[in-house]
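Listed here are the chains, written in short residue letters.
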Amino acid sequence: MLKKLGPYARPYSKWIAVGVLCSAAEAIFELLIPLVMADIVNIGIETANQNYILQKGLLMMGMAVISLCFGLGAAASSSVAGQGFGAELRRAEYEHIQDFAFSNIEKFSTASLVTRLTNDVNNMQMTLMMGMRLLVRAPVMLVAALVLSIRLSRDLSNVFLVVIPLLLIVIVLILTKAGPLFRSLQERTDALNLVVQENLTGIRVVKSFVREDYEEEKFAKRNGDLKESSMRAFGMVVINMPVMMLIIYSTIIAVMWFGGKMVYAGTLPVGDLTAFFTYITQILMSLMMVSMMFMMMTRSIACAKRIVEVLDERPAITDDSAKADAAVKDGSIDFDHVFFKYSETSPEWVLKDVNIHIPSGATVGILGGTGSGKTTVTEKLQEYFGADVSVLHHDSYYKRHDELPFEKRKLLNYDHPDSFDTSLLIEDLRSLKAGHTVHCPVYDYSIHNRTDRTEEVHPTKVIIVEGILIFADAELADEMDIKIFVDTDADERILRRIVRDVRERGRTLESVVNQYLTTVKPMHEQYVE
């Protein structure tokens, strides 16, 4: 995992090095201050030497200012390195997702990919920022404070033989329990994002069919699951603080008890006991910082695994099998016994044993019932032959109905030939055949109307016209050099339509079935078959 993610932090290695050095220097100067304070108590106050106290006081102030400067340097360096690392990681993830096939996206889900690009990456960059400070500062302070404490009083330092192992046991136990909880937390975040995405995508349909209550219930359930998962994960984390504070104050009480006796016996100066208290606090706070970082790392490890899963995912469709010397000779297109399905595990083929020969310069009409596989055939032709193929979708040429409100537009029969602006389609098709670029209209299914946007379609060697009713108009059909009918079983077509309209267009099952029975099926029987 480190080998996979490490290169994305490499451009900021100088900032990381500067931040680490600044954090170490900040900790060292903080550790030296208690020694100066001990000298003030043991020498300056004991001898009532005001000049000595003033000199040491100014020295302490100077050391505090230097420590502050190193702290600011560490904060600035860690911020630059952390944000840069996050940006590089996010960019690499996004660019890799662009190569995914639909099956790869379905494997993760769009909502999960959004979470991995945002929330997971944010956790990673925060861990690097905090780690550059706490994972350097805490060990330096821990080791140095232990050494200086032993130097002050070997006998009193024996208290650490009990405290440190006890703290380590508590940290290990909490980390062991917290790891799986944080992974579950990220998965619940994915689930919540999915609900929000689906609702926002199909918000017009939700309002049209008065499904707000259902959507609110669905969101409340996912939100409740996320809350429960968060409470379990962070509930385990917050246990850390009271346990640590209990151990810290117990240690201070023990040092006060034994150290007070040593001061009374004259074996330990008062200044050394004061410095010892400071080092106790620094040692135990260092352990607390380490435990906090481990908590953060537990979550970031779960996030890192999810990010690596995306980066390691191999796109289902690649150019590896393409011939290096492949070249387009004359622009002709051939499908020779082509089989295709979207997922390797799918029991049925979407395309079965397809054989097509399309000569260069031809106009192709692809017809079939709803859900028959017209779009799949068209997409595979575009995918394989690329810039040699341009496509006009009949669905893009639904007539505008700005004069009607949304409620009335929903009731129109969109499966009748009169619902299309076929004359505009014929005009654009003839312009393409004449070598001119056209601006194809864009239709929005969520509002049941054509939008103000258009898409440029450039003339190519082969032009494909795809739609259910493209042969219902004799003038349009005469423009086709090749006519292809995609014949698919009716049961399979309705199932595909249901999946498409519910998933991609945000519609309800009831509305899809009702439309199929009242308009789609009768129009298919009258104009397609």
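**Q** Requested: an account of helix α6 (residues 119-152), with residues and values cited.
**A** Over its 34 residues, α6 runs 47 Å from end to end, which matches the ideal 50 Å to within 8%, given 1.5 Å per residue. Where α6 bends most, the angle comes to about 40°, and this point is Gly131.

**Q** Tell me about the packing of helix α3 (residues 50-97) against helix α5 (residues 110-117), and name the residues and values.
**A** Look at α3 against α5: their axes get within 10 Å of each other, and the N-to-C directions meet at 155°. Between α3 and α5, the angle is such that the two are roughly antiparallel. Seen from α3, the contacting residues are Arg90, Glu93, Tyr94 and Ile97; seen from α5, they are Leu113, Arg116 and Leu117. Looking at side-chain class alone, the contact of α3 with α5 contains four nonpolar, no polar and three charged residues.

**Q** Report on the environment of Asp336, specifying residues and quantitative values.
**A** Within the fold, Asp336 resides in strand β1 (residues 333-340). Since its relative accessible area comes to 59%, Asp336 is described here as exposed. Discounting residues that sit within four places of it in the chain, Asp336 has contacts with Val354 and Asn355.

**Q** Can you break down the environment of Val263 residue by residue, with the values?
**A** Note on placement: Val263 falls in helix α10 (residues 240-265). As for Val263 and Gln83, which are separated by 180 residues in sequence, their C-alpha atoms are 51 Å apart. Sequence-distant contacts of Val263, defined by excluding residues within four places in its chain, comprise Leu268, Pro269, Val270 and Leu273.

**Q** So, helix α9 (residues 212-238): which residues are in play, and what are the values?
**A** Here α9 contains 27 residues, and its C-alpha end-to-end distance of 37 Å stays within 8% of the 39 Å for a straight helix at 1.5 Å per residue. For α9, every residue scored as buried is listed here: Glu215, Leu226, Ser229, Ala233 and Met236.

**Q** Quick one: what's the story with the packing of α10 against helix α11 (residues 270-312), residue by residue and with numbers?
**A** In the contact formed by α10 and α11, the axes pass within 10 Å of each other and the chain directions differ by 165°. On the basis of their axis angle, the class for α10 and α11 is roughly antiparallel. The hand of the α10/α11 crossing is right-handed. The residues of α11 that touch α10, namely those facing Asn240, Met241, Met244, Met245, Ile248, Thr251, Ile252, Val255, Met256, Gly259, Gly260 and Val263, are Val270, Leu273, Phe276, Phe277, Ile280, Leu284, Met285, Leu287, Met288, Ser291, Met292 and Met295. Looking at the contact of α10 with α11 residue by residue, the classes come out as 19 nonpolar, five polar and no charged.

**Q** Any chance you could break down the side chain of Ser300 for me, citing the residues and the numbers?
**A** Structurally, Ser300 can be placed in helix α11. A residue is classified by how much of its surface remains accessible, and Ser300, at 6% relative accessible area, is buried. Not counting residues up to four positions away in its chain, the partners in contact with Ser300 are Asn123, Met124 and Thr127.

**Q** Requested: an account of the pattern of salt bridges, with residues and values cited.
**A** With the rule as written, the count across this model stands at 15 salt bridges. Where Glu88 meets Arg91, a salt bridge forms, and the shortest distance between an N and an O atom there is 2.9 Å. Of this pair, Glu88 and Arg91 both sit in helix α3, three residues apart, which is roughly one turn of the helix. Among the salt bridges present, the one from Arg306 reaches Asp120, with a minimum N-O distance of 2.7 Å. Of the two residues, Arg306 sits in helix α11 while Asp120 sits in helix α6, which places them 186 residues apart along the sequence. Relative accessible area serves as the criterion here: at 0%, Asp120 is assigned to the buried category. Each of Arg430, Lys433, Glu475 and Glu479 takes part in a single network of salt bridges with overlapping partners.

**Q** Requested: an account of the side chain of Ser157, with residues and values cited.
**A** By secondary structure assignment, the location of Ser157 is in the loop between α6 and α7 (160-201). On the accessibility criterion, Ser157 (7% relative accessible area) is buried. A distance of 3.4 Å separates a polar side-chain atom of Ser157 from the backbone nitrogen of Ile150. Discounting chain neighbours no more than four positions away, the residues touching Ser157 are Ser149, Ile150 and Phe276.

**Q** So what about the environment of Phe420? Which residues, and what values?
**A** Among the structural elements, Phe420 can be located in the loop between α13 (406-409) and α14 (422-433). Judged by its relative accessible area of 6%, Phe420 falls in the buried class. Residues contacting Phe420, with those up to four places away along its chain left out, are His394, Asp395, Tyr397, Tyr398, Lys399, Tyr414 and Leu469.

**Q** Talk me through a negative patch on the surface; I want residue IDs and the actual numbers.
**A** Taken together, Asp330, Asp334, Asp336 and Asp353 make up a surface patch of like negative charges. On the secondary structure map, Asp334 appears in strand β1. When its relative accessible area of 45% is taken as the criterion, Asp334 is described as partly exposed.

**Q** Hey, could you go over a nonpolar patch on the surface for me, with residue numbers and the actual values?
**A** Nonpolar side chains collect at one region of the surface, where Leu54, Leu58 and Met61 lie side by side and expose about 340 Å² of accessible area between them. Relative to the helices and strands, Leu58 is located in helix α3. Taking relative accessible area as the criterion, Leu58 reaches 52% and is therefore assigned exposed.

**Q** Explain the packing of aromatic side chains to me, using residue names and the numbers behind them.
**A** Counting across every chain of the model gives four aromatic pairs. Taking 6.0 Å as the distance between ring centres and 25° as the angle between the ring planes, the aromatic pair formed by Phe29 and Phe70 counts as stacked. In this pair, Phe29 is assigned in helix α2 (residues 13-47) and Phe70 in helix α3, connecting sequence segments 41 residues apart. Judged by its relative accessible area of 29%, Phe70 falls in the partly exposed class. Plain terms: the ring middles of Tyr398 and Tyr443 are 4.7 Å apart, the flat faces sit at 50° to each other, and that makes the pair tilted. Within this pair, whereas Tyr398 is found in the loop between β4 (389-393) and α13, its partner Tyr443 is found in strand β5 (residues 438-444), the two being separated by 45 residues in sequence. Of the two residues examined, Tyr398 and Tyr443, each falls in the buried class. Pairwise contacts between aromatic rings join Tyr398, Phe420 and Tyr443 into one cluster.

Calculation rules
- Counting of residues starts from 1 at the beginning of each chain's written sequence and follows it residue by residue.
- Only residues with pLDDT of 70 or above have their local features reported here, since the model is predicted, and side-chain atom pairs are shown and tallied only from 80 upward, although totals for entire chains, interfaces and linings are computed over all residues.
- To obtain the side-chain values, all non-hydrogen atoms of the structure were used and water was disregarded.
- Only DSSP runs of H or I reaching four residues or more are called helices, and only runs of E reaching two or more are called strands; each is numbered from the N terminus.
- Expected helix span is taken as 1.5 Å per residue step, with the number of steps being one fewer than the number of residues.
- Bend at a residue means the angle formed by two fitted axes: the first through the 7 residues ending at that position, the second through the 7 residues beginning there.
- Comment: axis = line fitted to C-alpha atoms, over the contacting stretch for helices; angle = value between 0 and 180 degrees taken between N-to-C directions.
- Any angle that falls under 35 degrees is termed roughly parallel, while one over 145 is termed roughly antiparallel, one within 65 to 115 roughly perpendicular, and all others oblique.
- In this analysis, two residues are considered to be in contact whenever any of their non-hydrogen atoms come within 4.5 Å of each other.
- Ten residues, namely Ala, Val, Leu, Ile, Met, Phe, Trp, Tyr, Cys and Pro, are considered nonpolar, four, namely Asp, Glu, Lys and Arg, are considered charged, and the remaining ones, Gly among them, are considered polar.
- Note on classification: 1.4 Å probe, protein chains only; a residue is buried when its accessible area is under 20% of the maximum for its type, exposed when over 50%, partly exposed between these limits.
- In this scheme, a crossing is called left-handed if the near helix is turned counterclockwise away from the far one by less than a right angle; it is called right-handed if the turn is clockwise.
- Salt bridge criterion: a side-chain nitrogen from Lys or Arg within 4 Å of a carboxyl oxygen from Asp or Glu.
- Here a polar contact is recorded for every N or O atom pair within 3.5 Å, except that within protein the pair must consist of a potential hydrogen donor and a potential acceptor, and residues adjacent in sequence are included only if both atoms are side-chain atoms.
- Each patch groups residues whose relative accessible area exceeds 30% and which form no salt bridge, using 9 Å between like charges and 5 Å between nonpolar side chains of Val, Leu, Ile, Met, Phe, Trp and Tyr.
- Areas reported as accessible are Shrake-Rupley estimates using a 1.4 Å probe. Residue values count occlusion only from the protein chains shown.
- In this charge count, Lys and Arg are treated as positive and Asp and Glu as negative; neither His nor the chain ends contribute.
- All charge positions are set by atom: Lys at NZ, Arg at CZ, Asp at CG, Glu at CD.
- Two rings belonging to Phe, Tyr or Trp (six-membered ring only in the last case) form a pair when the distance between their centres is within 6.5 Å. Interplanar angles under 30 degrees mark stacking, angles over 60 mark edge-to-face geometry, and anything in between is tilted.

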